[in-house]
Structure formats: structure tokens, C-alpha cells
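Each chain, letter by letter, is given below.
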Amino acid sequence: MVTRSQTLAAGLMAVSLLSLPALAAPGPRDGGARDGASRAERMEMHRQRACADAPAWLAGWLGFAETKLGITATQRTAWDNFARELRASQGPMQALCNTQPQPAKAEATAPVKPDPVERLRGQEARLSAELESVKLRRGAIEQLLPQLSAEQRDRFAELPPMVMLGRPGPHGGPQGAPHRAPGR
């Protein structure tokens, strides 16, 4: 007679044996390319998608924030100015998106090795554009906060990060948030 625990153990063993080929397959963890795309090509696709989606992310964030804060009719002008300044803060990053060259395609025999100096120049350009965007966002927030009630300022501090306004953060997630109170 087979007990319930023996049936469960046999089922778990079967599932684990069936998953072994999937664990051994090349993938992002062991440097294998997904769908034939190199790491550089996948990063470029991600960058292009982030550049194209930035205005939509901002529009969504602004709609969420306006509703969450409960912007009143008397605050409408200040909010509209804030939204306009926030859209303008995307300019440096969007300009960078429009000027970045396409990565060189790898030959079938050898992967393309990035030039360290060019990689650092690209990093410097991205950081400069991001810094300019952050300064513009900070100015917009500094102008808006005095127009909000204390309760609205607290809600503003708890809003999710303004995703895709700068660069993607770790693991593709957002980075850079509006005002955050210490310890949050």
C-alpha cells in the first residue's frame, strides 16, 4: 500500500527530474544568449524600450500622483507647472537616447569587445544627462511642495519612484525617487 507521503515524494522527484534539462540550459546566469541575441544586443533592446517608454511612464506617474495627492482646484496651476517641469526634465535623457549610436554587431567567430575609453565616455554622458534631469526634477518638486498641505506633502513623500525618468535601476527596476523622508 502506497501512503500519501510516498506519493508526494514520488511526485516531487518526478518534477525535479523533469526540470533538470531546463536548469542545465544556457541562460542569463551562465552567460548564454537568449534567442540568439548577445548581451550587448539585449541591453540595447532594453535601452531602446526604456527611451521609447519614458514619456508614457511619466504620464502614468503624474496621473497616479495627482489622484493620490488629491490636487484641488486652487492647486491646479501649481500642479500643471510641476507636470510641465517634470516633462521638461526628461529632455536631457531623451536627447541622449536620440544620439546614442547603435552597438556594433558581433562577428560569428568572436564577440565584440567594448573599448574601455568609449564605455567610460558613454557612462559619463549618461551620468551628466541624468544629473541634469535630477536637477530639473528637484527644482520642480521644490516649487510644488510649498503649494501642498502637510498631509499632501506626506503622501508625496510616500509616492512610488518616478520610474523611467532617469536610468533603470538594479535588475531593470526604477531608480531615482521624488522627495523621500529619511528612513524611507
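Residues numbered from 1 in each chain as written. Predicted model: local features only at pLDDT ≥ 70, side-chain atom pairs only at ≥ 80, totals over all residues. Heavy atoms only, no water.

### Digging into the packing of helix 4 (residues 91–99) against helix 5 (residues 116–144)
Where helix 4 meets helix 5, the axes come as close as 7 Å, and the angle between the chain directions of the two elements is 155°. The orientation of helix 4 with respect to helix 5, classified from their angle, is roughly antiparallel. Here Pro-92, Met-93 and Leu-96 of helix 4 come into contact with helix 5, specifically with Ala-125, Arg-126, Ala-129, Glu-130, Glu-132, Ser-133 and Leu-136. By residue class, the composition of the contact of helix 4 with helix 5 is six nonpolar, one polar and three charged. (Axes fitted to C-alpha atoms, helices over the stretch in contact; angles between N-to-C directions. Helix = DSSP H or I, 4+ residues; strand = E, 2+ residues; numbered from the N terminus. Parallel < 35°, antiparallel > 145°, perpendicular 65-115°, else oblique. Contact = heavy atoms within 4.5 Å. Nonpolar A, V, L, I, M, F, W, Y, C, P; charged D, E, K, R; others polar.)

### Quick look at helix 3 (residues 76–88)
An ideal rise of 1.5 Å per residue puts 18 Å on 13 residues; helix 3 measures up with 18 Å between its terminal C-alpha atoms. Of the residues making up helix 3, those classed as buried are Ala-78, Trp-79, Phe-82, Ala-83 and Leu-86. Buried positions in helix 3, seen along its axis, are confined to an arc of 135° and lie on one side of it. Those residues of helix 3 that are buried lie in contact with helix 2 (39–69), helix 5 and helix 6 (150–157). (Expected span 1.5 Å × (residues − 1). Buried < 20%, exposed > 50% of the residue type's maximum accessible area, 1.4 Å probe, protein only. Arc of directions from axis to C-beta.)

### What to know about the state of the cysteines
Counted by the stated rule, this structure contains one disulfide. A sulfur-sulfur distance of 1.9 Å marks the disulfide that ties Cys-51 to Cys-97. Between Cys-51 and Cys-97 the sulfur-sulfur dihedral comes to about -80°; the bridge is accordingly left-handed. One end of the pair, Cys-51, is in helix 2; the other, Cys-97, is in helix 4, with 46 residues separating them in the sequence. Each of the two residues, Cys-51 as well as Cys-97, counts as buried. (Disulfide = S-S within 2.5 Å.)

### Things to note about the pattern of salt bridges
Charged atoms that come close allow side chains of opposite charge to pair. Scanning the model with the defined rule gives five salt bridges in all. Two residues, Asp-80 and Arg-76, come together in a salt bridge whose shortest N-O distance is 3.4 Å. One end of the pair, Asp-80, and the other, Arg-76, are both in helix 3, four residues apart, so they sit about a helical turn from each other. Put simply, Glu-66, Arg-76 and Asp-80 are held in one network by salt bridges that share partners. (Salt bridge = Lys/Arg side-chain N within 4 Å of Asp/Glu carboxyl O.)

### Quick word on the environment of Arg-126
Along the polypeptide, Arg-126 turns up in helix 5. Given the relative accessible area of 35%, Arg-126 is considered partly exposed. With 30 residues separating them along the chain, Arg-126 and Leu-96 place their C-alpha atoms 7.1 Å apart.

### What to know about helix 6
Residues Gln-152, Phe-156 and Ala-157 constitute the buried set of helix 6. On an axial view of helix 6, the arc spanned by its buried residues comes to 140°, and they lie on one face. Structural note: helix 6 exposes Glu-151 and Asp-154 on the side pointing more than 90 degrees away from its buried face. Each element contacted by the buried residues of helix 6 is listed here: helix 2, helix 3 and helix 5.

### A few points about the packing of aromatic side chains
A full pass over the atoms with the stated rule returns three aromatic pairs. Taken together, a centroid distance of 5.0 Å and an interplanar angle of 45° make the contact between Trp-79 and Phe-82 tilted. Separated by three residues within a single helix, Trp-79 and Phe-82 lie in helix 3, roughly one turn from each other. The pair formed by Trp-79 and Phe-82 is uniform in burial state, with each residue classed as buried. Here the aromatic cluster, defined as three or more aromatic residues joined through ring pairs, consists of Trp-61, Trp-79, Phe-82 and Phe-156. (Phe/Tyr/Trp six-rings, centres within 6.5 Å; stacked < 30°, edge-to-face > 60°.)

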